[in-house]
Amino acid sequence: MKAAVVSEFKGALEIKDIPRPTVKAKDILVKIHACGVCHTDLHACHGDWPVKPKMPLVPGHEGVGEVVEVGSEVHHLKLGDRVGIPWLYSACGHCDYCLDGKETLCLDQHNAGYSVDGSYAEYCLAHADYAIKIPEGLTYVDAAPLFCAGVTTYKALKVTDVKPGQWVAIIGAGGLGHLAIQYAVAMGMNVIAVDTGAEKLELAKTLGARHCIDFKKQSPSEAIIELTPGGVHGVVCTAVSQPAFKEAYRSVRRGGACVLVGLPPDEMPIPIFDTVLNGVKVIGSIVGTRKDLQECLQFAADGKVKAITEVKHLEDINEVFADMEKGEITGRIVMAMND
Ligand code: NAD
Ligand code: ZN
Ligand code: ZN
């Protein structure tokens, strides 16, 4: 099968012919029709984070397609089912976190396109218990970005605990952020979006942001505090930039929540005095559970959220990564496979 493979950190991806994976008892094999390109894939290929991915690696954790093989112990999925393979490739299912509905914190988890090969390929293996069905009415291209960008931002917004009618700021309106804006609007929140460039900010406005701030033209936190005296009730920071996290922290009102989602490899210095006196919550949020994923897919199936996508192919991946590094992508790039 054809796959995009990275063999060394910071090396280019190569299109290779590699063996189709073999299905074990609890697996399914998915013929991939589309896979979104997440900034996490770029971090993986660059070895940016303290925990390193397998190498060589087939990246990709927004892969969607049809089930073409089913393991002997799989009874809830059948040939032809439309499914996606998220970042949470598998978890142990038995630890405190798994039992407590916090499976994304399981210490014994695998991650698609990181610790196991992912969906930048014509076929991808999935653990049947963690592959999620795509609801009727969603195309593969529309569904793919929801398997990471969608579920991650939907969950992060839940974590802010911002109520309908209250204000949330979305810092970074890229692949994740443009979906965060839509989920926030659908959840009844008032949205302020922060990014740069007319194209992204106009898109943010079209998607329902009440105010858009260009971080290259003004200080986002100062602008946000002017727009919402005291600051916003919650902020979700998806930007791959340490200064953006400082701005996010400074934008939150007393008692509000600053939810960290973007993963630049830096530290985030936080003033202890202000955090204590202001009762501000600083919370990390990692993807979402299978339940979160089902809910976030349903929002899209109901027409409340729609990923803005541009379709490319496996052969384009190095160019896509270069554009992503420069911040030149609006919405999400989705690679079409087997079409
Ligand atoms: P992206 O490149 O599509 O979007 C990032 C956006 O941030 C871009 O639009 C860029 O212009 C903007 N930006 C850069 N600097 C900024 C600043 N100072 N202020 C405001 N905006 C700024 O990337 P993506 O796919 O949306 O991923 C974003 C980050 O989220 C990555 O680090 C990725 O690894 C991480 N991520 C985390 C999770 C999680 O579960 N926590 C899940 C998926 C992705
Ligand atoms: Zn577990
Ligand atoms: Zn991702």
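What counts, and where the lines are drawn
- Residues numbered from 1 in each chain as written.
- Chains lettered and ligands numbered in written order.
- Predicted model: local features only at pLDDT ≥ 70, side-chain atom pairs only at ≥ 80, totals over all residues.
- Heavy atoms only, no water.
- 1 Å grid on protein atoms, 1.4 Å probe; cavity = no way out; pocket = protein on both sides within 12 Å on 5 of 7 lines; lining within 4 Å.
- Points joined across faces, edges and corners; volume = space filled by probe spheres on them.
- Nonpolar A, V, L, I, M, F, W, Y, C, P; charged D, E, K, R; others polar.
- Donors = N, O, S within 2.8 Å, 3.2 Å for Na, K, Ca; no water.
- Tetrahedral: all angles 85-135°; square planar, octahedral: opposite > 155°, others 65-115°.
- Helix = DSSP H or I, 4+ residues; strand = E, 2+ residues; numbered from the N terminus.
- Near = heavy atom within 4 Å.
- Polar contact = N/O pair within 3.5 Å; in protein donor to acceptor, adjacent residues only side chain to side chain.
- Areas by Shrake-Rupley, 256 points an atom, 1.4 Å probe, with all protein chains shown as cover.
- Pairing = 2+ DSSP bridges.
- Axes fitted to C-alpha atoms, helices over the stretch in contact; angles between N-to-C directions.
- Domains from an automatic or database assignment.
- Contact = heavy atoms within 4.5 Å.
- Buried area = accessible area lost by both parts, 1.4 Å probe.
- Salt bridge = Lys/Arg side-chain N within 4 Å of Asp/Glu carboxyl O.
- Buried < 20%, exposed > 50% of the residue type's maximum accessible area, 1.4 Å probe, protein only.
- Arc of directions from axis to C-beta.

Novice: How should I be thinking about empty space enclosed by the protein in this particular structure?
Specialist: The gaps left among the atoms become clear once a water-sized probe is rolled over them. Applying the stated criterion to the full structure yields 1 cavity of 30 Å³ or more. Lining the largest cavity, in full, are Pro-86, Trp-87, Leu-88, Glu-103, Phe-147, Val-151, Val-287, Gly-288, Thr-289, Arg-290 and Leu-293. The class makeup of the residues in the lining of the largest cavity is 7 nonpolar, 2 polar and 2 charged.

Novice: Where do I start with the coordination of the zinc ion (ligand 2) in this structure?
Specialist: Put simply, the ideal angle at a metal is 109.5 degrees for four donors in tetrahedral geometry and 90 or 180 degrees for six donors in octahedral geometry. Taken together, the protein ligands of the zinc ion (ligand 2) are Cys-92 (SG), Cys-95 (SG), Cys-98 (SG) and Cys-106 (SG), with distances of 2.3 to 2.4 Å. Coordination at the zinc ion (ligand 2) comes from 4 donor atoms whose angles at the metal span 105 to 116 degrees, giving a geometry best classed as tetrahedral. On the primary sequence, the residues serving as donors to the zinc ion (ligand 2) are separated as C-x2-C-x2-C-x7-C. One end of the pair, Cys-95, is in the loop between strand S6 (88-90) and helix H2 (96-99); the other, Cys-106, is in the loop between H2 and strand S7 (110-111), and 11 residues separate them in sequence.

Novice: Got a minute to help me understand the site of ligand 1 in this structure?
Specialist: Around ligand 1 sit 29 residues in total, of which His-39, Thr-40, Asp-195, Val-287 and Arg-332 are the nearest. Contact between ligand 1 and His-43: an oxygen atom at 2.8 Å from a side-chain N or O atom of the residue. Here an oxygen atom of ligand 1 sits 2.9 Å away from a polar atom, N or O, in the main chain of Leu-263. The protein chains hide 92% of the 870 Å² of surface that ligand 1 would expose on its own. For the shell around ligand 1, the secondary structure elements donating two or more residues are helix H1 (39-46) and strand S11 (190-195).

Novice: Just checking my understanding: could you explain the sheet that holds strand S13 (residues 232-237) for this structure?
Specialist: Backbone hydrogen bonds hold the strands of a sheet together, and the pairing may be parallel or antiparallel. Within the open sheet, the 6 strands sit side by side as S12-S11-S10-S13-S14-S15. Their pairing is parallel. In the strand order of this sheet, the two ends are held by strand S12 (211-214) and strand S15 (281-284), each with one partner. Averaged over all adjacent pairs, the angle separating strand axes in this sheet is 15 degrees, with direction ignored. Where S13 and strand S14 (residues 252-260) come together, 5 bridges link them in parallel fashion. Across the sheet, the residue bridging to Val-236 is Val-259, located in S14.

Novice: Before we go on, may I ask you to explain the domain arrangement of the chain in this structure?
Specialist: A common way to state how big an interface is: give the accessible area lost once the parts meet. Taken domain by domain, the chain consists of domain 1 (2-147 + 288-336) and domain 2 (150-284). Each side of the interface is counted separately: domain 1 has 25 residues, and domain 2 has 21 residues. Carbon and sulfur atoms supply 63% of the area buried between domain 1 and domain 2, which totals about 2,000 Å² over both sides. Inspection of the domain 1/domain 2 interface yields 3 salt bridges. Linking domain 1 with domain 2 are 12 residue pairs in polar contact (both at pLDDT 80 or more), by the criterion used here. Elements with a minimum of two residues in the side of domain 1 that touches domain 2: H1 and helix H10 (290-301). Sort the elements by how many residues they give to the side of domain 1 that touches domain 2 and H10 lands first, with 5 residues. By residue class, the composition of the side of domain 1 that touches domain 2 is 12 nonpolar, 7 polar and 6 charged.

Novice: I would appreciate a short explanation of helix H11 (residues 317-325) in the present structure.
Specialist: Every α-helical turn comprises 3.6 residues, leaving residues that sit three or four positions apart pointing alike. Taken together, the buried positions of H11 are Ile-317, Val-320, Phe-321 and Met-324. Within H11, the buried residues cover an arc of 100 degrees as seen down the axis, which keeps them to one side. Residues of H11 that are buried make contact with strand S1 (2-5), H1, strand S16 (309-312) and strand S17 (332-336). Looking one or two places after H11, you find Gly-327, whose phi comes out positive at around 75 degrees.

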